[in-house]
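The primary structure of each chain is shown beneath.
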Amino acid sequence: MGTNLVEIENQYTSGVYGKRPVEIVRGQGALLWDAEGRRYIDCMAGHGVANIGHGRTEIAAALAAQAQRLTTCPEVVYNDVRARLLERLAQVTPEGLNNFFLCNSGTEAVEGAFKFARLVTGRTGIIATLRGFHGRSMGALSATWEKHYREPFAPLIPDVSHIRYNDLNAAANAITEDTAAVIIELVQAEGGVHVAQEEYVQGLAALCRERGALLIIDEIQTGFGRTGTLFACEQYGVQPAILCLAKSLAGGVPMGAVCLGTRVMESGHISKGSHGSTFGGNPLACAAALATLEILEHEELANRAAALGAHAQQRLRSMQSPLVREVRGRGLLIGIELTKRVQPYLEALCERGVLALPAGANVLRLLPPLVIDQTQLDEALDIVQEVLR
Ligand SMILES: CC(=O)N[C@@H](CCCNCc1c(COP(=O)(O)O)cnc(C)c1O)C(=O)O
């Protein structure tokens, strides 16, 4: 590992990140290389950002072309690339979501969703779920479950509560005429790779409709093919009032989107100046997003995630290891719950050339780019099985 640059980063960084002793300098597809030229199979995908893989020449070309034309263009004027992306998002997002607030990260998408929900309903209550993760900014953080993320920053925004996930009775008891919105992930990713039950999601959507609350679905990590369909919503037959997207949306370029349904747009409460963003909808990110959506469709990456994910889960479930309590997930969002803390196994994987993630204290999360090929995936799974023997 290069000493000088690591020491420099350690000297000048904020100190908020626990870092692996690896200096990643290059990526191609589902592979990464460190400064010493060591190769890694990427099962982190930039925390779910690199669904289309690393080093995509189509993204580089789209960025280069757009950067030579116009990099920034706030939404106080129109822009050709932005208009084309908005039209494309209306085509590919679940039915009924035809208007979009473009922003620059997942947490910003959640912040926007909460503001729109309070604006539209005139209510203040926000209900989230135990183990949910929605971002680190003060509003989104209020809905993020983990106490050690939240408590140092109290007081956060008021009127945010948490209910048990996959528990429809808990939702029925919690949603009142003061509830502006309920926010859920269809697979709780950071919180341990817990999959929502279909009847729970459909029951929750019905409760929100009956009681005038907005259902916000956070697909910041499950979106763009990760769970085996372009959006996980498709597997649940559910149409959220608001859908939050980010991560893989622009192929690695920072971008988020708050997808707004008719209930929001027909409310008459979205007035000029009620929200905004300097960088939101910038042409550079829009150009990358258009190229990304093209790749996702042309390479049928959602179908690939479904097939490779099923293969991976089948192999992992066949492991006879006392360390493995459960294998779960959807598509190429896979969690292996261990009977011990996951950290030492992440380190062992890293030493053997696989970069993976935790999902809570005892869950090993595999989140490879959707372009990973079967050989690379099987090589990674061989190493996982060796480490978890
Ligand atoms: C090392 C590091 O920075 N990890 C990030 C990992 C976050 C990954 N998830 C982001 C996320 C967010 C927030 O997205 P963003 O602001 O990080 O882009 C919102 N909703 C869901 C379902 C998400 O999964 C963190 O600990 O904040």
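All values derive from a computational prediction rather than experimental measurement.

1. Quick notes on the environment of Tyr345
Consideration 1: Relative to the assigned elements, Tyr345 resides in helix 14 (residues 343–351).
Consideration 2: When the C-alpha positions of Tyr345 and Arg389 are compared, they lie 11 Å apart, and in sequence the two are 44 residues distant.
Consideration 3: What Tyr345 contacts, discounting residues up to four positions off in sequence, is Leu323, Leu338, Lys340, Val387 and Leu388.

2. A word on the packing of aromatic side chains
Consideration 1: Taken as a whole and judged by the stated rule, the model has 4 aromatic pairs.
Consideration 2: When the ring of Phe101 is compared with that of Phe116, the centres are 6.1 Å apart and the planes differ by 65 degrees; the resulting orientation is edge-to-face. Of this pair, Phe101 sits in strand 4 (residues 97–103) while Phe116 sits in helix 5 (residues 106–121); the two residues are 15 residues apart in sequence, bridging distant segments of the chain. In this pair, the class of Phe101 matches that of Phe116, namely buried.
Consideration 3: When the centroid spacing of 5.2 Å and the interplanar angle of 65 degrees are considered together, the rings of Phe224 and Phe231 count as edge-to-face.

3. Topic: the packing of helix 3 (residues 57–69) against helix 12 (residues 283–298)
The description of two packed helices rests on the angle between their axes and on the distance between the axes.
Consideration 1: Interhelical geometry of helix 3 versus helix 12 gives an angle of 150 degrees and a closest axis separation of 9 Å. Taken together, helix 3 and helix 12 sit at an angle that is classed as roughly antiparallel. In this structure, the crossing between helix 3 and helix 12 has a hand that is right-handed. Packed against helix 3, whose contacting residues are Glu58, Ile59, Ala62, Leu63, Gln66 and Ala67, the element helix 12 presents Pro283, Leu284, Ala287, Ala288, Ala291, Thr292 and Ile295 at the interface.
Consideration 2: A class-by-class count of the residues in the contact of helix 3 with helix 12 yields 10 nonpolar, 2 polar and 1 charged.

4. Some words on unusual backbone geometry
Consideration 1: In this chain, Ala154 is followed by Pro155 through a cis amide linkage whose omega measures 0 degrees.
Consideration 2: With respect to the helices and strands, Pro155 occurs in the loop between helix 7 (147–150) and strand 6 (160–163).
Consideration 3: The phi dihedral of Ala45 is positive, around 50 degrees, even though this residue is not glycine.
Consideration 4: A positive phi angle, close to 60 degrees, is found at Phe224, a residue other than glycine.
Consideration 5: Tracing the backbone shows Phe224 in the loop between strand 10 (214–218) and helix 10 (233–236).

5. Topic: the sheet that holds strand 4
Consideration 1: The 7 strands are arranged 4-12-11-10-7-5-6 in an open sheet whose pairing can be described as mixed. Looking at which strands have only one partner, the edges of the open sheet turn out to be strand 4 and strand 6. Neighbour-to-neighbour, the strand axes of this sheet turn through a mean angle of 20 degrees, independent of strand direction.
Consideration 2: Of the strand pairs in this sheet, strand 4 and strand 12 (residues 256–261) are connected by 6 bridges, and their pairing is antiparallel. Within the sheet, the bridge partner assigned to Asn99 lies in strand 12 and is Leu260.

6. Notes on the packing of helix 13 (residues 301–317) against helix 15 (residues 374–387)
Consideration 1: Two elements in contact, helix 13 and helix 15, have axes whose closest approach is 11 Å; the angle formed by their N-to-C orientations is 25 degrees. Judged by the angle between their axes, helix 13 and helix 15 are roughly parallel. Crossing of helix 13 against helix 15: the hand is right-handed. Counted together, Leu308, His311, Ala312, Arg315 and Leu316 of helix 13 and Gln374, Leu377, Asp378, Leu381, Asp382, Val384 and Gln385 of helix 15 form the full contact between these two elements.
Consideration 2: Grouping the constituent residues of the contact of helix 13 with helix 15 by class yields 6 nonpolar, 3 polar and 3 charged.

7. Describing the sheet that holds strand 16 (residues 357–358)
Consideration 1: With respect to topology, 4 strands assemble into an open sheet ordered 13-14-17-16, the strand pairing being antiparallel. Since the sheet does not close on itself, it has two edges, and those belong to strand 13 (324–330) and strand 16, each with one partner.
Consideration 2: Of the pairings in the sheet, the one linking strand 13 to strand 14 (residues 333–338) comprises 6 bridges and is antiparallel in character. The residue bridging Glu326 from the neighbouring strand is Glu337, located in strand 14.

8. Things to note about the site of the ligand
Consideration 1: Inspection of the region around the ligand gives 15 residues, with Gly106, Thr107, Arg136, Asp218 and Gln221 positioned closest.
Consideration 2: Measuring from a nitrogen atom of the ligand, one finds a backbone N or O atom of Phe133 at 3.4 Å.
Consideration 3: Within the side chain of Gln221, an N or O atom sits 2.8 Å from an oxygen atom of the ligand.
Consideration 4: Protein chains bury 79% of the 600 Å² of accessible surface belonging to the ligand in isolation.
Consideration 5: Of the residues belonging to the shell around the ligand, the class tally is 3 nonpolar, 7 polar and 5 charged.

9. Digging into the nonpolar core
Consideration 1: Core analysis: the largest hydrophobic core is formed by 90 residues, its most contacted members being Ile336 and Leu388.
Consideration 2: Beyond its immediate stretch of four places on either side in the chain, Ile336 contacts Leu316, Val324, Glu326, Val327, Asn362, Val363, Leu364, Leu366, Val384 and Leu388.
Consideration 3: With 27 residues, the next largest nonpolar core counts Ala109, Ala143, Leu214 and Ile242 among its residues.

10. Some points on the pattern of salt bridges
Consideration 1: With the rule as written, the count across this model stands at 16 salt bridges.
Consideration 2: Notably, a salt bridge pairs Glu337 with Arg328, separated by 2.6 Å at the nearest N-O pair. The residues Glu337 and Arg328 share a single accessibility class, namely buried.

The rules behind each value
- Residues numbered from 1 in each chain as written.
- Predicted model: local features only at pLDDT ≥ 70, side-chain atom pairs only at ≥ 80, totals over all residues.
- Heavy atoms only, no water.
- Helix = DSSP H or I, 4+ residues; strand = E, 2+ residues; numbered from the N terminus.
- Contact = heavy atoms within 4.5 Å.
- Phe/Tyr/Trp six-rings, centres within 6.5 Å; stacked < 30°, edge-to-face > 60°.
- Buried < 20%, exposed > 50% of the residue type's maximum accessible area, 1.4 Å probe, protein only.
- Axes fitted to C-alpha atoms, helices over the stretch in contact; angles between N-to-C directions.
- Parallel < 35°, antiparallel > 145°, perpendicular 65-115°, else oblique.
- Left-handed = near helix turned anticlockwise from the far one by under 90°.
- Nonpolar A, V, L, I, M, F, W, Y, C, P; charged D, E, K, R; others polar.
- Pairing = 2+ DSSP bridges.
- Near = heavy atom within 4 Å.
- Polar contact = N/O pair within 3.5 Å; in protein donor to acceptor, adjacent residues only side chain to side chain.
- Areas by Shrake-Rupley, 256 points an atom, 1.4 Å probe, with all protein chains shown as cover.
- Core = buried A, V, L, I, M, F, W, Y, C linked by side-chain atoms within 4.5 Å.
- Salt bridge = Lys/Arg side-chain N within 4 Å of Asp/Glu carboxyl O.

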